[in-house]
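Chain residues, written in single-letter form:
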Amino acid sequence: CGRGPGGCRGGRTDMALRCAASLAAGRQPRGPRREGTVRWSSAAKASAVKINEKASREKILTLESMNPQVKAVEYAVRGPIVLKAGEIEKELLKGIKKPFTEVIKANIGDAHAMGQRPITFLRQVVALCTYPNLLDSPSFPEDAKKRARRILQGCGGNSLGSYTASQGINCIREDVASYIERRDGGVPADPDNIYLTTGASDGISAILKILISGGGKSRTGVMIPIPQYPLYSAAISELDAIQVNYYLDEENCWALNVNELRRALNEAKAYCNPKVLCIINPGNPTGQVQNRKCIEDVIHFAWEEKLFLLADEVYQDNVYSEGCQFHSFKKILYEMGPEYYNNVELASFHSTSKGYMGECGYRGGYMEVLNLHPDIKGQLVKLLSIRLCPPVSGQAAMDVVVNPPVPGEESYAQFVKEKESVLSNLAKKAKLTEDMLNKIPGVHCNPLQGAMYAFPQIFIPSKAIEEAKAHKMAPDMFYCMKLLEETGICVVPGSGFGQREGTYHFRITILPPVEKLKILLEKVKDFHIKFLEKYA
């Protein structure tokens, strides 16, 4: 055939295209493979650039063309303040001088990142599942090996690397059901109602997806507490549902008041169809633990108003205050009698990420869903099957949480010692945080009854509010940004969780080691006093 410079017909155009790519990448284009140096004429270069310009076109995906629901999503705990913290960390690594030597990320409940040690037994079981050759090692206890073998028998090919059923490994769901029965004093639990999830967040999002429907005034309304964990507002935005706020009572230790639920519901009926009620117990970011009477009132309200209940109970092991006790919604629902237990639709959630485990990275979790319509069960499994299955290592970690060592087993004493050490340490840090924050002028912190955070109210002077407006920031975002820039402490502004108008807060985790937590809180105190002096 007729050959051009590139080796066959049309080779000149191919060469020009290759040249265009080289120029776009900032490289000197290469000519045909022949001995000696190839020089491109200015005409050839111009031709290549012209072709490259023609090849370039407007992007299909832009901020204007993207899904508007995704654009509306905000997730404060990993929002602008955290991005700024990342920038500052890079600057510190480059040797840029700051008034501090490190960024302390007190914005998120990531226990191991803050220095908490893993629970030995949990890691042993997951290690054995991951590398079964270790089952022959005398270094691992028999009770860990027993659990690992059982989990592996439930996996395809006896491997953690295989897919599982979308609902999760059957034997682990059986263990979750047994755990719930023990926790709730014998209240029956059916493994068929258990769905293993990628952390609790995955389950919450899935249930919301299947619940939301309608348009206009019939669009689904989702009632969430204010302050709330931003997962809820983010999921509601993404699904284009209607957020219905009900306010926790800060003056009464963030209590949940049914009269406030009724106010929010009745007002929402004018513009949407409220049919979901979300509860976070123990509370995030507020740290309150709901008492039995409150839970009974909420269940009665949901039954009366025909609301689907979502009970976020991931902090069920994190209860610190004397006189406070965790009550599961499922247990109270059962004890209220068959009229409630057989009718109120309830999804409750748990996770490996919190409690005494702090295994955030495994992304293990489960949800138990009660009184779901039989046709909807199939639809839920179909929805979950789109993501194939939850991470199998996370499923294994969840199994250890619900099936820990028992008295008489080899690992029991060490497990109990480690668990109690973590929880007693958290209780000490909760009290320390509350006391130190309440000694700062212009700061008030409610008792930290549970969970892993403080959510103090802070006084921000009017001058600071005006300056925040000039920077197009919420006043508490302005405050938290200044705190980060001057001390290296990263906390989340209350506006990211929601708060009553005219009040300002921030969320700070209690997870750092005690001595580091003391230093952190002293820095917050010093900063706040200087902030008040500057803007008074």
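The preceding data block contains the structure.
Residues numbered from 1 in each chain as written. Predicted model: local features only at pLDDT ≥ 70, side-chain atom pairs only at ≥ 80, totals over all residues. Heavy atoms only, no water.

Chemist: Please clarify how unusual backbone geometry should be interpreted in this entry.
Modeler: Negative phi is the rule for most residues except glycine; trans is the rule for most peptide bonds. Here Ile 226 and Pro 227 are connected by a cis peptide whose omega angle stands at 0°. Locating Pro 227 in the fold gives a position in the loop between β3 (220–226) and α9 (231–238). Pro 285 follows Asn 284 through a cis peptide bond whose omega is 20°. Note that Pro 285 resides in the loop between β5 (273–280) and α11 (292–305). (Helix = DSSP H or I, 4+ residues; strand = E, 2+ residues; numbered from the N terminus.)

Chemist: Quick question: what am I supposed to make of the packing of aromatic side chains here?
Modeler: The description of two aromatic rings rests on the distance between their centres and on the angle between their planes. Going through the model one piece at a time under the given rule, you end up with 13 aromatic pairs. The interplanar angle of 80° and the centroid separation of 5.7 Å between the aromatic rings of Phe 455 and Phe 497 together place this pair among those described as edge-to-face. Here Phe 455 is found in the loop between β10 (453–454) and β11 (457–458), whereas its partner Phe 497 is found in the loop between β13 (492–493) and β14 (506–509), with 42 residues between them in sequence. Residues Phe 455 and Phe 497 agree in their burial class; the two are buried. Ring geometry for Tyr 479 and Phe 531: centres 4.9 Å apart, planes at 75°, overall edge-to-face. Highlighted residues: Tyr 479 in helix α18 (residues 475–487) and Phe 531 in helix α19 (residues 514–535), separated in sequence by 52 residues. Overall, Phe 531 belongs to the buried group, its relative accessible area being 4%. Taking the ring centre of Tyr 453 as reference, the NZ or CZ of Arg 507 above it sits at 3.8 Å. (Phe/Tyr/Trp six-rings, centres within 6.5 Å; stacked < 30°, edge-to-face > 60°. Buried < 20%, exposed > 50% of the residue type's maximum accessible area, 1.4 Å probe, protein only. Lys NZ or Arg CZ within 6 Å of the ring centre and 35° of its normal.)

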